[in-house]
Amino acid sequence: MTDRYLVIGNPIAHSKSPQIHAQFAQQTGEAMVYERLLAPLDGFVDSVHNFIEHGGRGANVTLPFKLDAFALAEQRSERAQAAGAVNTLVFERGRIIGDNTDGVGLVRDISVNAGVAIKGQRVLLVGAGGAAQGVILPLLEQAPHSITLCNRTQRKAEELVQQFSHPALQACAIDALSDVYDLVINATSAGLSGDLPPLPAAVFGSTTFAYDMIYAAQATNFMQLAQSHGAQTRDGLGMLVEQAAESFYLWRGVRPDTAPVYKSLRAQV
Ligand code: ATR
């Protein structure tokens, strides 16, 4: 039987993962199928067990099930533990292993695809929800000078900083931000509703690289704001492709070439 994978979520119709993994499989000659599965909101665990019984080898997990996947996993990678969420499941020898590839996807898109080194940089991470938490450990592993975490609800930023307890990670109130940052990463969901975190102009300069973890056909509001202050910008489409590539690698032991996949997705967005 051909090895089976899928992405599980609710809703799921919009997911680009089947298309991305089909291209990876074709490119690398891996014999596998990758589908999408709409799980009932109260039926995540049953859906996963059912998939395993029918030959499932692994799964990507998306909203709203990343915490359920974390709870379901019998073994978790360090980066899944730090993220507090699982986006990749590996079914191996009767065990369910949970990992999280979002953070490494972001790091690779910034450092490899955009060619912006993170080491030694002053990083401003905006947001303190699941998306922000998921990228903190992989960013810290790049040895930035510092990561400043800010959030509309400041208490949540402070709690995250406490949880990681790393000397390079600190919280700052949004209205107290006064420095220019080398790298500003938007990990809020504000842009999904056409909104914008209220960042002071001072955080952007002509040498700032501003990264929005969401993506769109045009520059997002956050990217437009950053551009208006002279910053270089990039959206999160490359992160989407890179996190998928890391999942593919976990399952198949093969690293796909992400560049052509990014190109074809970009043409469709
Ligand atoms: P995700 O998993 O995408 O991070 P989340 O856990 O709901 O989703 O977190 C959403 C993040 O976006 C939070 O940091 C949230 O700020 P609050 O903690 O203050 O709610 C942020 N966010 C959402 N809408 C926003 C807006 N309009 N302006 C600023 N921040 C916003």
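As the structure is a prediction and not an experimental result, all values here were calculated from the model.

Asker: Can you break down the site of the ligand residue by residue, with the values?
Answerer: The ligand sits among 14 residues. The nearest are Ala 131, Asn 151, Arg 152, Thr 153 and Lys 156. With respect to the ligand, the backbone of Ala 128 contributes an N or O atom lying 3.0 Å from an oxygen atom. Gly 130 places a polar main-chain atom, nitrogen or oxygen, 3.1 Å from an oxygen atom of the ligand. Contact with the protein chains removes 73% of the 640 Å² of surface that the ligand exposes when unbound. Per-class residue counts for the shell around the ligand are four nonpolar, seven polar and three charged.

Asker: Which residues make up the domain arrangement of the protein chain, and what values go with them?
Answerer: When the domains of the protein chain are assigned, the result is domain 1 (3-100 + 238-268) and domain 2 (103-235). Domain 1 puts 16 residues into the contact, and the matching count from domain 2 is 18 residues. Both sides of the domain 1 and domain 2 interface together cover about 1,400 Å² of buried area, and 52% of this is carbon and sulfur. At the surface where domain 1 touches domain 2, the tally comes to two salt bridges. As a salt-bridge pair, Arg 266 and Asp 235 come within 2.6 Å of each other at their nearest N and O atoms. At the boundary of domain 1 and domain 2, one finds six residue pairs in polar contact (both at pLDDT 80 or more). Of all the elements in the fold, those that place two or more residues in the side of domain 1 that touches domain 2 are α4 (78-83), α9 (237-252) and α10 (258-268). Here the element with the most residues in the side of domain 1 that touches domain 2 is α9; it accounts for six residues.

Asker: Tell me about the packing of aromatic side chains, and please be specific about residues and values.
Answerer: With the rule as written, the count across this model stands at six aromatic pairs. A connected cluster of aromatic rings, assembled from ring pairs, spans Tyr 5, Tyr 34 and Trp 251. The cationic tip of Arg 76 hangs over the ring face of Phe 70; the distance from NZ or CZ to the ring centre is 4.1 Å. Geometry around Tyr 249 places Arg 255 over its ring, the cationic atom sitting 3.8 Å from the centre.

Asker: Run through the pattern of salt bridges, naming residues and quoting values.
Answerer: Between side chains of opposite charge, pairing is possible as soon as their charged atoms come close. Counted under the stated rule, the structure contains 13 salt bridges. One salt bridge in this structure joins Arg 57 and Asp 3, with 3.0 Å as the shortest N-O distance. A residue pair is termed long-range when its members are at least 10 positions apart, and Arg 57 in strand β3 (residues 56-61) and Asp 3 in strand β1 (residues 3-9) qualify at 54 residues. Overall, Arg 57 belongs to the partly exposed group, its relative accessible area being 36%. A residue is classified by how much of its surface remains accessible, and Asp 3, at 18% relative accessible area, is buried. Through salt bridges that share partners, Arg 79, Asp 99, Arg 108, Glu 246 and Arg 255 make up one connected network.

Asker: Any details on the nonpolar core? Residues and values, ideally.
Answerer: Ranked by size, the top nonpolar core spans 30 residues in total, and within it Leu 106, Ile 110, Leu 125 and Ile 185 carry the most contacts. The set of elements that each furnish at least two residues to this core consists of α5 (102-113), β7 (122-126), α6 (130-140), β8 (146-150), α7 (154-164), β10 (183-186) and β11 (209-212). The leading source of residues in this core is α6, at six residues. If sequence neighbours within four positions are ignored, Leu 106 has contacts with Val 135, Leu 139, Ile 185, Tyr 211, Met 213 and Met 239.

Asker: Tell me about the packing of helix α1 (residues 17-28) against α10, residues and numbers included.
Answerer: Two numbers describe a pair of packed helices, the interaxial angle and the distance between the axes. Following both chains from N to C, one finds α1 and α10 inclined at 145 degrees, their axes separated by 10 Å at the closest point. In terms of crossing hand, the pair formed by α1 and α10 is right-handed. Along the contact surface, α1 presents Gln 19, Ile 20, Gln 23, Phe 24 and Gln 27, while α10 presents Thr 258, Pro 260, Val 261, Ser 264, Leu 265 and Gln 268. Its residues assigned to classes, the contact of α1 with α10 shows five nonpolar, six polar and no charged.

Asker: I'd like to hear about the pairing of β11, residue by residue, with values.
Answerer: By the alternation rule, side chains of β11 split into Phe 209 and Tyr 211 and Ala 210 and Asp 212, which are all buried. Of the strand pairs in this sheet, β10 and β11 are connected by four bridges, and their pairing is parallel. What sits directly across from Ile 185, in β11, is Tyr 211. Pairing between β11 and strand β12 (residues 232-234): three bridges, direction parallel. Bridge assignment links Phe 209 to a residue of β12, and that residue is Gln 232. In this fold, the crossover linking β11 to β12 by way of helix α8 (residues 221-228) has right-handed handedness.

Criteria and cut-off values
Residues numbered from 1 in each chain as written. Predicted model: local features only at pLDDT ≥ 70, side-chain atom pairs only at ≥ 80, totals over all residues. Heavy atoms only, no water. Near = heavy atom within 4 Å. Polar contact = N/O pair within 3.5 Å; in protein donor to acceptor, adjacent residues only side chain to side chain. Areas by Shrake-Rupley, 256 points an atom, 1.4 Å probe, with all protein chains shown as cover. Nonpolar A, V, L, I, M, F, W, Y, C, P; charged D, E, K, R; others polar. Domains from an automatic or database assignment. Contact = heavy atoms within 4.5 Å. Buried area = accessible area lost by both parts, 1.4 Å probe. Salt bridge = Lys/Arg side-chain N within 4 Å of Asp/Glu carboxyl O. Helix = DSSP H or I, 4+ residues; strand = E, 2+ residues; numbered from the N terminus. Phe/Tyr/Trp six-rings, centres within 6.5 Å; stacked < 30°, edge-to-face > 60°. Lys NZ or Arg CZ within 6 Å of the ring centre and 35° of its normal. Buried < 20%, exposed > 50% of the residue type's maximum accessible area, 1.4 Å probe, protein only. Core = buried A, V, L, I, M, F, W, Y, C linked by side-chain atoms within 4.5 Å. Axes fitted to C-alpha atoms, helices over the stretch in contact; angles between N-to-C directions. Left-handed = near helix turned anticlockwise from the far one by under 90°. Pairing = 2+ DSSP bridges. Right-handed = clockwise from strand over helix to strand, strands pointing away.

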